[in-house]
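# Chains, contacts and geometry: an overview
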Amino acid sequence: MIRPSRALLARIRLARAGFGLRRLQRDRSGMALTEFALIMPFFLGMGLWGVELANYSYTRERIGQLATRIADNGSRLGDYSQLQNRKVYESDVNDMLIGAGIQSGTQLDLFNNGRVIISSLEVNSSGQQYIHWQRCLGTKRVNSSYGVQGDIRTVGMGPTGSEVYAFDKEAVIFVEVKYDYKPLISATFVGTPTISSIATYTVRASRDLSQLFQTTPASPSMVCTKYTATVS
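Summarised in this report is the structure supplied together with it. Here the structure is a predicted model, which means the values were calculated and not measured. (Residues numbered from 1 in each chain as written. Predicted model: local features only at pLDDT ≥ 70, side-chain atom pairs only at ≥ 80, totals over all residues. Heavy atoms only, no water.)

### Digging into the overall build of the protein chain
Looking only at helices and strands, the protein chain features five helices and five strands. For the protein chain, the succession of helices and strands along the chain, N to C, is α-α-α-α-β-β-β-β-α-β. Across the 232 residues in the protein chain, those meeting the buried criterion constitute 36%. Counted over contacts in the protein chain with a minimum sequence separation of 6, partners at least 24 positions apart contribute 66%. A total accessible area of about 14000 Å² is found for the protein chain, and carbon and sulfur atoms account for 56% of it. (Helix = DSSP H or I, 4+ residues; strand = E, 2+ residues; numbered from the N terminus. Buried < 20%, exposed > 50% of the residue type's maximum accessible area, 1.4 Å probe, protein only. Contact = heavy atoms within 4.5 Å. Areas by Shrake-Rupley, 256 points an atom, 1.4 Å probe, with all protein chains shown as cover.)

### Brief notes about the environment of Leu137
Secondary-structure assignment places Leu137 in strand S2 (residues 129-137). Along the chain, Leu137 and Asn94 lie 43 residues apart, while their C-alpha atoms are 9.1 Å from each other. When sequence neighbours within four positions are dropped, the list of residues in contact with Leu137 reads Leu97, Phe111, Gly114, Arg115, Val116, Met222, Thr228, Ala229, Thr230 and Val231.

### So, the nonpolar core
Core analysis: the largest hydrophobic core is formed by 31 residues, its most contacted members being Ile70, Val93, Leu110, Val116, Ile118, Val175 and Val177. Listing elements by their share of this core, those giving two or more residues are helix H2 (31-75), helix H3 (90-108), helix H4 (110-113), strand S1 (114-123), S2, strand S4 (172-180) and strand S5 (194-202). Among the nonpolar cores identified, the runner-up in size contains eight residues, and Val123, Met157, Val172 and Phe174 belong to it. (Core = buried A, V, L, I, M, F, W, Y, C linked by side-chain atoms within 4.5 Å.)

### Topic: the pairing of S1
Across the ten residues that make up S1, a large majority, ten, are buried. Alternating residues of S1 divide into Gly114, Val116, Ile118, Ser120 and Glu122 and Arg115, Ile117, Ser119, Leu121 and Val123, and every residue in both groups is buried. Bridge analysis of S1 against S4 gives eight bridges, and the strand direction is antiparallel. Residue pairing across strands places Arg115 opposite Lys178, the latter belonging to S4. Sheet topology note: the S1/S2 ladder contains eight bridges and is antiparallel. Considered in S2, the bridge of Ser119 is made with Gln134. (Pairing = 2+ DSSP bridges.)

### Description of a nonpolar patch on the surface
On the surface, Met40, Leu44, Leu48, Val51, Leu184 and Ile185 cluster together into a nonpolar patch covering about 500 Å² of accessible area. Mapped onto the elements, Leu184 comes out in the loop between S4 and helix H5 (187-190). (Patch = residues over 30% accessible without salt bridge, like charges linked within 9 Å, V, L, I, M, F, W, Y side chains within 5 Å. Salt bridge = Lys/Arg side-chain N within 4 Å of Asp/Glu carboxyl O.)

### A word on the sheet that holds S1
Across the sheet, which stays open at both edges, the five strands sit in the order S3-S2-S1-S4-S5 with antiparallel pairing between neighbours. Both edges of this open sheet fall to strand S3 (152-153) and S5, since each of them pairs with a single strand only. Bridging between S2 and S3 involves two bridges; their strand directions are antiparallel. Residue Tyr130 lies in a different strand from S3, and its bridge partner there is Ile152.

The structure is reproduced here in structure tokens:
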């Protein structure tokens, strides 16, 4: 019996190894699964980021709409006597704030995560712009960005270059909503920024601007030194 030489055996082994490698190269049975496993974390992360970004954009839109709605409601406050200028009561402002909480819905939890600041910009006896009264609701410890009750405003209220002014014997309701965004999935994607929105409306009808009147018994006065989520 003739035994193959070592050199021949080596060539046979190399040929078999090469054949096996070629078979492995042609084999596609697990490639799709492997590729999916490699790219799935990337697509999952992008998908979650997209959902979080969409929720953040939606929340910003809701806060902006809420500020506009509160300002609009504030411009309509007052009794409806045809014989004298309309009076605005503390209870009217309280009802407006309570309504804002209802309109915002339970998901936002507006007054536990943010603050609503309502200012009445008017003209004083010296012809100066000033904040006659200001009422707030919410636990977020933040003040108005444009002044507090009693402040004289030489440039009205609002961002620089976009200030609003009240006319003599009229008032402008200026609303600020400041809200701490709560992530839907994780703060990793957009963080936890404060969403701020402002809105203004000129009072719609003749209003008694002398004061905020009280009911009997007296209603709570939601002055801006209070940091609470409920009218009390």
